[in-house]
Each structure stands twice: as structure tokens, then as C-alpha cells.
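Remarks on the overall topology
Residues per chain, in single letters:
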Amino acid sequence: MNLAICLLLQDDHEITIEELETRYNTSVTKGLTSTFASQVLERDGPNELKPPKGTPEYVKFARQLAGGLQCLMWVAAVICFIAFGIEVARGNVTAFDNLYLAITLISVVVVTGCFGYYQEFKSTNIIASFKNLVPQQAIVIRDGQKNQINAHQLVVGDLVEIKGGDRVPADIRIISGQACKVDNSSLTGESEPQSKTPECTHENPLETKNIAFFSTTCLEGVATGVIINTGDRTIIGRIASLASGVGNEKTPIAIEIEHFVDIIAGLAIFFGFTFFVVAMFIGYAFLEAMIFFMAIVVAYVPEGLLATVTVCLSLTAKRLARKNCVVKNLEAVETLGSTSVICSDKTGTLTQNRMTVAHLWFDNHVHAADTTEDQSGQSFDQSSETWRSLARVASLCNRATFRPDQEGVPIPKRLVVGDASETALLKFTELTVGNIMDYRNRFKKVVEVPFNSTNKFQLSIHELEDPLDLRYLLVMKGAPERILERCSTILIKGQELPLDEQWSEAFQTAYMDLGGLGERVLGFCHIYLNEKEFPRGYAFDPDEMNFTTSGLCFAGLISMIDPPRATVPDAVMKCRTAGIRVVMVTGDHPITARAIAANVGIISEGSETVEDIAQRKRIPVEQVNKRDARACVISGGQLKDMSSEELDDALRNHPEMVFARTSPQQKLIIVESCQRLGSIVAVTGDGVNDSPALKKADIGVAMGIAGSDAAKNAADMILLDDNFASIVTGVEQGRLIFDNLKKSIAYTLTKNIPELTPYLIYITVSVPLPLGCITILFIELATDIFPSVSLAYEKAESDIMHLKPRNPRQHRLVNEALAVYSYFQIGRCSFAGFTDYFTAMAQEGWYPLLCVGLRSQWENVHLQDVQDSYGQEWTFSQRLYQEYTCYTVFFVSIEICQISDVLIRKTRRLSVFQQGFFRSVKTHPKHASLGIMYLNSTQLVQWWFVPVPYGILIFVYDEIRKLGVRRYPGSWWDQELYY
Amino acid sequence: MYKGKERKGSSSEWRDAFWNPRTHELLGRTASSWGLILLFYLVFYLFLAGMFVLTMYIMLLTLDDYKPTWQDRLATPGMMIHPKGDQLEITFSVSETESWDRFTQTLNTFLSPYNDSYQVQMNDNCPPDQFFIQEDSGEVRNNPKRSCQFNRSMLEECAGISDRFYGYSRGQPCVLIKLNRVIGMLPGKNGQSPYVTCGAKREDGDKLGPLAYYPPNGTFNLMYYPYYGKKAQVNYTQPLVAVKFLNASVNTDINVECKINSNTLEAGSERDKFAGRVSFKLRINHT
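Residues numbered from 1 in each chain as written. Chains lettered and ligands numbered in written order. Predicted model: local features only at pLDDT ≥ 70, side-chain atom pairs only at ≥ 80, totals over all residues. Heavy atoms only, no water.

The strands that make up a sheet are held in pairs by hydrogen bonds between backbone atoms, and each pair lies either parallel or antiparallel. Residues and elements named next belong to chain A. Strand order across the open sheet formed by 8 strands is E8-E26-E25-E24-E9-E21-E23-E22, with mixed pairing between neighbours. Every other strand in the sheet has two partners, leaving strand E8 (325–327) and strand E22 (631–635) as the edge strands with one partner each. In this sheet, neighbouring strand axes are inclined to one another by 20° on average, regardless of whether the strands run parallel or antiparallel. Looking at chain direction, strand E9 (residues 341–344) and strand E24 (residues 681–685) are connected through 3 bridges and run parallel. (Pairing = 2+ DSSP bridges. Helix = DSSP H or I, 4+ residues; strand = E, 2+ residues; numbered from the N terminus. Axes fitted to C-alpha atoms, helices over the stretch in contact; angles between N-to-C directions.)

In this structure's numbering, the residues bearing the UniProt feature "transmembrane region" (unreviewed entry) are residues 36–63 of chain B. Annotated as 96% helix and 0% strand, the span residues 36–63 of chain B places its first and last C-alpha atoms 41 Å apart. (UniProt positions renumbered as here; feature names shortened; annotations may be inferred.)

The next thing to look at is the pattern of salt bridges. Residue and element names in this part refer to chain A. Under the counting rule described, the total for this entry stands at 33 salt bridges over all chains. Among the ionic pairs, Arg388 bridges to Glu385, the shortest N-O distance being 3.4 Å. Here Glu385 and Arg388 lie together in helix H13 (residues 385–396), a separation of 3 residues that amounts to about one turn. On the accessibility criterion, Glu385 (42% relative accessible area) is partly exposed. A salt bridge links Lys477 to Glu422; its shortest N-O distance comes to 2.8 Å. With a gap of 55 residues between them, Lys477 in strand E16 (residues 472–478) and Glu422 in helix H14 (residues 420–432) connect regions that are remote in the sequence. According to the relative accessible area criterion, Lys477 is buried, its value standing at 5%. Taking relative accessible area as the criterion, Glu422 reaches 8% and is therefore assigned buried. (Salt bridge = Lys/Arg side-chain N within 4 Å of Asp/Glu carboxyl O. Buried < 20%, exposed > 50% of the residue type's maximum accessible area, 1.4 Å probe, protein only.)

A separate point is the packing of helix H26 (residues 724–750) of chain A against helix H30 (residues 816–825) of chain A. All names here are of chain A. Contact geometry of H26 with H30 gives a least axis separation of 8 Å together with a crossing angle of 40°. In the packing of H26 onto H30, the handedness of the crossing is right-handed. Contact residues: H26 offers Lys742, Ile745, Ala746, Leu749 and Thr750, while H30 offers Leu818, Ala819, Ser822 and Tyr823. For the contact of H26 with H30, the class distribution of residues is 6 nonpolar, 2 polar and 1 charged. (Left-handed = near helix turned anticlockwise from the far one by under 90°. Contact = heavy atoms within 4.5 Å. Nonpolar A, V, L, I, M, F, W, Y, C, P; charged D, E, K, R; others polar.)

Applying the stated rule across the entire model yields 3 disulfides over all chains. Sulfur-sulfur distance for the disulfide between B:Cys126 and B:Cys148 comes to 2.0 Å. Measuring handedness by torsion sign, the sulfur bridge of B:Cys126 and B:Cys148 sits at about -105° and is left-handed. Within this pair, whereas B:Cys126 is found in the loop between helix H4 (116–122) and strand E5 (174–179), its partner B:Cys148 is found in the loop between H4 and E5, the two being separated by 22 residues in sequence. Exposure class is identical for B:Cys126 and B:Cys148. Each is buried. Between the sulfur of B:Cys198 and that of B:Cys258 lies a disulfide, 1.9 Å long from S to S. Its S-S torsion of about 105° marks the bond between B:Cys198 and B:Cys258 as right-handed, since a negative value means left-handed. With a gap of 60 residues between them, B:Cys198 in strand E6 (residues 195–200) and B:Cys258 in strand E9 (residues 253–261) connect regions that are remote in the sequence. Both residues of the pair, B:Cys198 and B:Cys258, count as buried. Indicated for chain B is the disulfide connectivity 1-2, 3-4, 5-6, based on numbering the bonded cysteines in sequence order. With no disulfide of its own, A:Cys632 has A:Cys674 as its nearest cysteine by sulfur position, at a separation of 13 Å. (Disulfide = S-S within 2.5 Å.)

With that settled, consider the sheet that holds strand E8 (residues 240–245) of chain B. Residues and elements named next belong to chain B. The strand order across the open sheet built from 4 strands is E3-E5-E8-E7, with neighbouring strands paired in antiparallel fashion. Only two strands of the sheet have a single neighbouring strand rather than two, namely strand E3 (79–82) and strand E7 (211–214). Here the strands of the sheet are splayed against their neighbours by 25° on average, with no regard to which way each runs. Where E5 meets E8, 5 bridges bridge the pair, whose relative direction is antiparallel. Each bridged residue has a counterpart across the sheet, and for Leu176 the counterpart in E8 is Ala242. This element, helix H3 (residues 97–111), spans E3, E5 and E8 of the sheet and lies at about 40° to E5.

Below you can see the structure in the form of C-alpha cells.
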């Protein structure tokens with residue numbers, strides 16, 4: 001294959017950069033012009049792989065019509081047609097029944113086929129549409145400007161930049177690069193990262209180091225390059241078209257459902273065959289026996305189940321997408337519901353990912369600033385003179401600036417050029433002082449010394465606002481202890497006081513307090529330079545620092561933190577009640593991590609770590625019983641020294657865990673440890689290095705905003721808003737859909753028994769047939785489809801997030817309890833059918849005891865004077881009509897019971913009264929469909945009432961069951977009857 | 001989706017699922033667990049069966065012993081001929097006694113309850129051409145109800161008295177026609193009794209020849225109606241009409257249709273070939 005590809009390739013990697021520039025009419029500094037780029041885009045088409053030619057739509061449709069069961073039905077339909085033909089040839093007019101049955105069978109196959117096809121079509125589309133929600137972006141240089149555009153807009157000749165974590169957007173000739181390493185595993189299967197440099201090292205383009213290929217991942221470093229191939233003309237595009245037609249893999253849930261349907265179908269065919277043999281044995285014609293066989297198979301097999309499940313899952317996936325969770329594969333929805341541990345990042349997920357001023361210390365007081373995202377919180381007292389000085393220092397000693405043209409944007413959302421803490425200070429002063437740019441202009445900056453890690457401060461010298469005041473103002477900020485060293489006075493209520501022992505101690509306390517909150521603290525001071533010593537025009541030298549840098553006046557402390565998102569504490573609380581552990585895994589400092597964890601509730605109030613207990617009891621750490629400590633903070637260093645057993649122990653013993661200073665590799669270790677303890681783990685991640693952890697986790701969650709392409713590829717779910725609360729929503733939806741699917745399946749299964757028993761009784765007790773094939777088909781396909789789908793829309797039972805996570809190995813979707821309860825307990829509504837049936841027969845003159853054993857006479861076409869219990873004589877046709885009436889009656893009974901059934905299925909453990917009777921309005925199509933049935937029959941109303949007691953019985957019984965399940969959890973009743 | 005899920009497909013697992021010797025579990029349940037669940041289902045189904053029997057009993061209590069609740073299926077009574085085979089064919093050879101012997105025997109058996117002596121003993125001699133109404137007076141049942149005599153001799157030539165072979169030996173067969181019993185049915189008004197007419201179907205018209213009806217005009221006299229059901233009217237005698245084919249063509253199939261003519265009964269629907277009419281095939285072989 002390599003050979004074939006090489007032949008197709010150009011020599012783009014061998015020619016010089018100048019030749020490359022001329023070939024693609026581009027420039028390695030300025031890139032293409034936008035106009036030329038759009039021309040090329042028009043010529044070459046978008047930079048995306050054409051989807052491989054999938055199965056044609058008609059084949060997909062045909063496949064829906066030709067499954068195993070469908071084939072059986074086709075055969076049955078053909079048999080019915082033949083039967084009809086034979087009967088018509090004989091001149092028998094009543095044989096139209098066979099024609100109707102054949103038509104019904106065909107419509108069953110076609111209708112279910114259309115339904116299945118439509119659903120497959122729809123869910124494929126939903127998943128496909130999700131791709132557009134998270135488009136791949138690329139940084140491209142056009143007209144000398146750096147822009148971020150959608151990767152599919154790229155054209156040959158474009159100058160692009162890639163950095164660690166990006167997916168390479170096209171085949172690229174590297175122009176310049178720094179420590180750029182690329183993972184080629186998607187192309188060559190080689191997992192060792194390849195370094196990419198501008199030099200051509202090999203004549204084979206696959207081997208040379210100066211080409212990076214489309215769809216590979218850049219692991220680290222940065223590189224710039226010119227695009228040489230796009231879309232299907234890239235190497236991967238050619239390989240993809242060479243090896244197209246990789247089949248879709250079935251999802252585990254689909255396999256589980258199909259497996260279940262297969263078992264049921266096997267059972268049905270077994271029953272059907274038994275009945276077939278018995279029917280032949282008691283003297284039925286082959287055709288008639290075959291029709292019984294069909295009826296039983298149709299009655300028993302839940303044809304619409306798989307479709308229903310797919311609908312439910314795709315509906316939920318759609319609903320989740322609206323709530324900012326994009327699910328990449330459907331079954332992830334269901335797994336999400338069983339999540340028992342969430343390993344979450346801190347930055348950006350739990351927190352807002354923006355440094356914000358949280359506290360200030362001046363005038364010997366700690367003041368709290370407003371950290372909410374929308375500035376809805378309380379502000380502090382700003383009347384003090386000290387505050388004005390502090391604000392001035394904070395405003396002036398700051399290099400960050402707002403990007404232009406952002407007047408309309410609320411201040412917290414504006415884009416800033418500058419580092420995180422300067423940004424925080426800029427926004428803070430903009431909010432409190434106002435119009436900082438103008439303010440800075442009024443204090444003209446003369447010189448500045450930027451922050452560096454040796455002196456740990458930053459200072460600048462300004463002229464004063466008042467033109468008459470010729471003094472210079474020196475402002476300085478930095479690490480508090482360094483600032484304090486340089487200060488000799490402190491500003492208290494506008495007064496400069498000497499900085500004595502007492503004030504030093506006050507400062508230390510404040511500094512420790514703020515640091516203990518996990519906040520980054522900065523100290524601020526200023527001094528008016530002596531006019532004599534530093535007159536106007538004095539040549540300040542930032543390197544020599546030929547000016548006063550000690551004996552300054554301390555103004556105050558400002559501390560900053562990346563505050564938690566507003567929704568997170570609630571979400572964590574929800575997880576806690578839902579029995580889901582939230583484990584924080586962060587690269588941050590342990591103290592910061594702990595502070596945030598305590599803030600959002602991951603470490604609950606009153607929980608102590610081993611160290612806390614040791615400190616409280618004044619005993620060495622070793623003597624503390626580890627089980628007493630609910631919380632535990634483990635740093636990456638400690639983690640490195642722990643064996644996996646120790647880590648398991650730690651996770652078992654401490655319900656509230658925070659991992660700080662961890663590397664992405666350690667994240668994987670943590671995930672594995674959780675899984676060893678039997679948890680279903682959801683993990684969030686954004687970086688390239690998170691990919692293994694994301695893949696290893698049961699649910700990998702990538703961040704939509706901060707996440708790298710590599711992380712998004714490895715994840716099962718993508719959070720568009722990077723918000724932790726969205727995961728919790730996802731869990732809730734996952735649990736809901738699992739419950740609803742269960743309800744839906746339970747409902748679908750229930751009616752199999754009342755459909756089957758008529759045949760059982762018919763064959764064994766020889767009564768006239770109570771329920772015909774067509775009626776069964778009608779129930780299966782007309783009246784019962786809507787309610788079973790409508791159950792998928794059921795609202796959550798209100799305590800859904802108060803239950804422990806389900807153990808996926810024990811609580812399967814379709815389990816024994818569900819099947820047994822549906823079949824043997826609720827399925828007893830067949831009794832209602834028989835009651836109604838015998839009533840209808842008796843009222844026409846056929847007493848129940850007469851019916852027993854009546855079948856051979858009843859069905860004898862030549863007997864025109866069969867006597868009923870009153871001595872009246874009936875012709876065959878009259879009896880046949882009576883039989884049809886019985887079908888109707890039995891049908892009505894099943895429907896009445898199914899109405900009751902759909903009501904009880906609304907909840908699995910709550911009372912229906914707690915849930916609200918008609919909270920889901922969509923159950924009503926059922927009642928409507930009943931209304932149109934057999935309206936012409938005069939006695940219908942009465943037959944509706946006969947099965948009602950059974951309907952009520954089902955309802956009452958299920959309420960009792962639910963009551964028992966709620967009252968006595970874990971009891972025998974709960975174990976046997978809770979599905 | 002449980003990544004890394006392992007599946008051990010060993011046979012010992014299956015055996016354990018059936019009978020686990022360590023925990024003494026049969027199909028995943030211990031003996032006491034099985035006992036408990038079976039007891040539960042026993043009680044459960046006993047209760048259901050009880051409820052079923054109870055509802056059946058209540059339902060039977062609501063029924064009238066003498067008249068069914070609904071009779072809408074029987075608006076047009078069915079008709080039937082005698083003698084009949086499986087296919088409603090009367091085929092025989094005049095010369096071969098055994099070919100019609102079974103017809104005459106069925107007729108003999110069928111007509112034995114109509115013997116004059118028996119009828120006189122059991123039933124009343126009612127005034128003809130009017131309904132024999134025997135209403136109950138309120139709650140007091142007027143039971144048992146009397147029935148009217150239908151004497152075998154009223155069938156004259158077809159009574160099997162003067163001609164033991166019902167005309168079969170001479171190629172002039174008798175066919176008896178009866179109207180299905182329906183409780184409370186009043187098949188005529190204004191003193192006009194319903195009567196039977198027979199005719200050949202389609203092209204067989206000229207083969208049929210003249211017919212004779214007994215009793216005269218082929219009437220079901222009104223005095224035999226209404227029927228009060230087998231519980232109230234134990235000795236009800238169903239009226240009959242005999243048709244004698246006097247000169248039917250021989251050695252050919254004749255499709256005959258007889259139907260009831262009444263000024264109250266509805267004509268039967270197309271679908272029911274035996275409501276208010278009856279069709280049969282007649283073939284007399286003669287060498």
C-alpha cells in the first residue's frame with residue numbers, strides 16, 4: 001500500500017521553501033490572501049473527508065424488511081395468499097379472512113420496517129449533527145493576520161500554526177517548529193511520537209520529518225507549516241478511500257436488546273411450533289395451523305422494542321445536547337446513568353477559569369470582594385482613604401490592557417491582554433474605580449520594572465495627576481513578604497503610621513488567613529519620591545534601579561482566586577445525595593485545591609483530614625486513626641510513592657478525596673484504582689495527556705472550550721460549556737432514560753401473556769377462539785406503540801437523584817424480576833379478557849360450561865343448527881360473527897388493562913399519586929385510538945365495564961407492591977418484586 | 001459500555017447457574033427461596049382464580065334463565081334440510097336401494113318424535129294461524145309451557161307412512177326443511193304464516209320439474225311460534241315443511257335453493273348462505 005501512496009505523492013517535501021511559495025502562490029510569512037484562498041476553496045472544495053460511500057438507502061430499507069422475523073412473516077403472508085387462492089377457487093366466500101390476514105401481515109412488516117428505518121435514519125442524523133456542534137478549529141495566517149477558522153475552510157497553500165494538543169488540520173510541510181512532536185498512530189499505528197522539523201530527511205514523504213499528516217495529533221511543541229494537501233487528497237484521505245466500508249459497530253445496549261429479542265423470538269417459535277403440532281394433531285389443515293403459528297410468533301415477539309430503545313436514547317442525546325452535553329455514542333447516555341465516581345478537573349470545570357479578586361486587606365480588616373460571575377454579590381466599604389491609595393497602586397502597577405472595541409461587553413467577560421492575576425486586578429479596578437485606561441493616562445508612566453522571579457515584585461513610576469505637583473509616584477506590587485521588607489510605614493485610615501511589631505503581626509495573620517483560603521496574595525505599596533532628589537526629567541534606569549526602593553508605605557493586600565462556578569456547589573450536593581463520589585484531580589497546589597474543594601462541597605463542612613485531626617489533638621500524624629478522617633488530600637508526590645493497594649485503601653477509607661499537583665499520568669492511575677473498587681468512573685479532561693485516562697474511564701468527558709482535539713477524540717461525551725453541573729445533568733438524564741426504558745419494556749412485555757393465553761385455552765380447553773390473529777396484530781402495531789414510546793417521555797420519579805447508583809452488573813435493563821413481574825403478575829389481565837369473553841358468550845346464549853369442548857362443533861362449516869344453552873340454533877356464519885365479537889371483547893379487555901398498565905408503569909417505586917396522574921400528557925393517544933374502535937357495536941360500552949375491576953385490581957396491586965418496596969427496602973418483597 | 005469487560009464462557013459457569021453445589025442453589029435460588037416464591041405465586045393465582053370464579057358467578061347470576069340477554073346475531077333464522085350429508089348433497093340411484101337407504105333411515109329417526117300418537121299424548125291441539133302466546137304473569141312463571149302438535153301425518157306423502165321410502169324408490173324424493181329455533185321469534189303477522197318456496201338456481205331452472213309442498217303451500221303455521229326456550233318449553237316440536245320433487249330431471253346435478261317467505265323476517269345477508277334460505281344439490285341417477 002505504501003508504494004501506491006508514494007506514487008501518488010508530490011515532491012513537496014523535497015523542494016525549497018521558495019519553490020513551495022511559488023508553487024502554491026503563498027508566502028511563509030504572510031500566508032495566502034483571503035481572496036485567493038476563497039478561490040482555491042471553490043476549486044478544491046472544503047477540507048474534509050468525504051464520508052465513505054455508505055450502504056445505499058434502499059438497501060438499508062430493504063434490510064429492515066428482511067430480518068429473520070420479517071422473513072417469517074413474509075412466508076406467512078404468502079401462505080395466506082395461497083390459502084385465499086385455494087378457497088376462492090373452491091368458491092368459498094368466507095375465505096376473505098385469509099386475504100385480510102395476508103394484507104395485515106404485509107402491512108405489519110412494512111410499517112415496522114418504515115418505523116425502524118426512520119428511527120435509524122433519525123438517530124444517525126442526530127449523532128452526525130453533533131459533529132457540527134464541536135467543529136475543529138485551526139489557526140491560519142492570511143493577509144499577514146492570524147485568524148482562527150473552521151478547519152474545513154483551509155486550502156492548499158495556507159500557512160497554519162499547530163501547537164501541542166491540536167489535531168493536524170491537513171497535510172502540512174513544516175516551515176518552522178520548536179520541539180514539535182506528532183503522534184502518527186492514527187496513520188501508521190506507531191505509538192512512539194515522531195518529532196517534526198523543517199528539514200527534509202527522507203525522500204519518502206511518509207518517512208520525512210518535515211511533513212505532518214492530516215488527522216494525526218500534535219503532542220507537544222509548536223510548528224508553522226504550509227498546507228500541501230487537503231480533504232480527500234491527504235494521505236489519510238487516500239487510505240480511507242482505499243479501505244472504505246468499515247461497518248458500523250453495534251452498541252452494547254443494542255446488542256443486549258437484540259439478544260433479549262432473540263431469546264423471546266426463540267421462545268415464541270418454540271411455543272408456536274408446539275401449538276402448530278398440536279393443531280395439526282387435532283385435525284387442522286396445514287394452512288390454518290400455520291396461521292396459529294404465526295399469530296403466536298407475532299403475539300410474542302416485541303417487534304418495536306429495539307426501535308423504541310433507539311428512539312429513547314436518541315431523544316435523550318438530543319435533550320442532553322441542548323443542555324451542553326454532546327454525547328458521541330448513544331450508549332454513553334445509558335452508562336452515564338450508572339456513574340458512581342466522577343473524577344473532575346478543577347480549573348475551568350469546577351471553577352470559572354478566571355482569576356478574580358476575592359479578598360482585600362487594608363485598615364487592618366479583611367474585606368470580601370464580589371466573586372460571582374454576574375457581579376450580583378455584595379461589595380465592600382469603599383469610603384476609606386487607604387482604599388483609594390490601594391486602588392491607585394493596583395490600577396497603575398498593572399500592565400494588562402483590555403482588547404479594543406469591547407465597550408458593549410460586560411466587564412468580567414472582556415478579553416484582556418495580560419497574565420491571570422493582572423487581568424483579575426484590571427477587571428477588579430475597572431469595576432470599582434472605573435475607566436482604568438483613562439485613569440492610567442492621567443498618571444503618565446515614566447518607567448517600569450516588570451515582574452521577575454528573583455525579586456518577585458513589579459514597580460512603575462508615574463507623574464502625578466495634578467500638574468502642579470511635580471513629585472513622582474512609585475507604585476509597587478509583589479509577593480507580600482517581599483513588599484513588607486521594603487516598607488517602613490503602613491497606611492491606616494489614610495494615616496501613615498510606622499510599621500512596628502504590632503502591625504507586622506497583623507499583616508502576618510492576614511497573610512496566613514488569606515493564604516489558607518487557597519488564594520494568591522499580592523502586597524501593594526507606594527511612595528511619593530522626593531521632589532528634590534528626583535526632579536522632573538530625572539533619568540530613571542529600570543536595570544540599575546537608581547531610585548528609592550525601600551522605606552515605602554504599605555497600602556494593603558489583595559488576594560485572588562479562581563472562584564467556583566455558581567452552579568457547582570448545588571451540583572456537587574446533588575451528586576452526594578445521588579450516591580456519586582466527586583473526586584477532584586488537579587495540578588494545583590494542595591492548599592488551593594483543598595480550599596476550592598471545601599468551597600464547592602467536595603470536602604463537606606466539618607470533614608477533617610488526617611493532618612487536621614493531628615493538629616487538633618496535638619498528636620503526631622502517624623497516631624491518627626485514618627478511618628476517622630473523612631477527607632484526604634493527596635499530592636502528586638505522595639501518590640508517586642504509593643502502591644496501588646495503598647491508593648485503593650485511601651479511596652476506600654476517605655469518602656472525600658482531593659488529588660493535587662497530579663500529572664495526567666497519575667489521573668490514569670486514579671481512574672484504574674476507582675475501577676478496581678468496582679466503580680463506574682466518569683473522568684473529565686482537556687489536555688493531550690488526558691487521553692489515556694479518558695479512554696480508560698467508563699465515561700470520558702472532554703471540555704468543549706478548553707479541551708484539545710485529542711481529548712475530544714478520546715472522550716465519549718463533550719461538555720460544550722466546560723461546566724461540572726452539566727455532567728450531573730447528564731447523569732440525571734442517563735438515570736432517567738434507563739428507568740424509562742425499563743418502564744417501556746415492562747409495558748411492552750406485559751401484553752404478550754394476554755395475547756398468548758387465548759390460544760392456550762383454545763387448544764387445551766377447546767373453547768371457540770377468543771382472540772384472532774388480526775386483533776393481536778392490531779394491538780401490537782396500532783394501539784400499543786404510542787404508550788410504550790410515551791413512557792420514554794416520563795418525568796423523573798422525584799427521588800431519582802436520591803438513590804444509589806445502579807450496579808450495572810446486577811441491574812440490567814431487562815432482568816429476571818422485570819420479565820417475571822410483567823409476565824406472571826401483570827400479565828394476568830388475561831383473566832379480564834376471559835371474564836369479558838365468557839360474559840359476551842353467555843349473554844348471547846352460550847354458557848361457559850357449554851363453551852368448553854365446543855370448538856369442533858363451533859368451527860364445523862357444515863353445521864348450520866348448533867344449539868346454544870337456550871335451545872336456539874345457530875348457523876355457521878352467525879357463530880363466526882359471534883366469534884368476531886369475542887375478539888373485540890377480548891381486545892377491549894386487553895386495552896382496558898393496558899390503560900391501567902401504562903398508568904402503573906409510570907413509576908417503579910413511587911406511588912402514581914405522588915408522581916401525578918397525568919404529568920405525561922402523551923399517554924393519551926392510546927385513549928383516542930380506543931375510541932375509534934368498533935363504535936357500531938351496541939353492547940360495546942358494557943364490555944368496557946366488565947374488565948374494569950381487573951384494571952383496578954392491577955392498579956391497586958401495583959400500588960401495594962410499590963408501597964412495600966418503599967416501606968421495606970431490602971426485604972423479601974423488595975428483592976422479588978422490584979424490577 | 002463497560003470497557004474492558006471480560007466474559008468467561010466456561011461451561012462450569014453454566015453448570016453453576018443451573019445447580020450450584022456450594023450454595024445449594026437450583027437456577028440461582030435456594031430451596032427455601034424457591035419454596036417462598038412458589039408459595040407466593042400459589043396464593044397469588046389462587047386469589048386470581050377465586051376472583052375469576054366469583055366474577056363468573058356474578059355474571060351468571062345476572063343472566064335470565066329463559067331468554068338470552070342479546071339476540072342480535074339471530075335476526076334471520078337459519079334453515080336446514082333433512083336428510084343431509086356433509087356437503088348438502090342428495091345423490092342416489094333409484095335402482096340401487098343401498099344408495100338411498102341411509103336417507104330413509106335418517107328420515108325415519110328424525111321423524112319418530114313426530115309420530116301422531118306421541119304428539120297427541122304430549123302436546124296440545126292449538127288453534128291454527130295465530131301465535132300461541134303463553135305470557136308469564138309478572139313474576140309468576142307460567143311454566144312448563146305447552147307446545148302445539150305437529151303430527152307426522154301432516155306431511156302426507158312425505159310422512160313415510162303411506163310410502164315407507166319417502167319417494168326415493170320411485171325417483172320422487174322428499175326433502176324436509178326446518179327453520180332454526182330462535183327464542184321469541186314471531187315469523188309473520190296478520191295471520192299470514194311464513195312459507196317455503198324452492199327453486200332451481202340459474203340454468204337449472206327447467207330441470208327441476210313440478211314440486212309438491214306438505215303441509216299445503218309449505219307453510220310453517222303461526223301456532224308453533226313463539227318458541228320459549230328449551231327450559232320453559234320442554235316438549236317443543238319444531239314445525240317442518242316437506243318438499244317432494246315430482247319429476248326432476250335424472251342423471252344431472254340440480255342446484256336447489258329453498259327460502260323462507262315471511263312478512264316480518266329480514267332477508268339474510270349475502271355472507272350467510274344459511275340465513276332464511278338453504279341450498280343443496282340434488283342428483284337422481286336412473287338407468
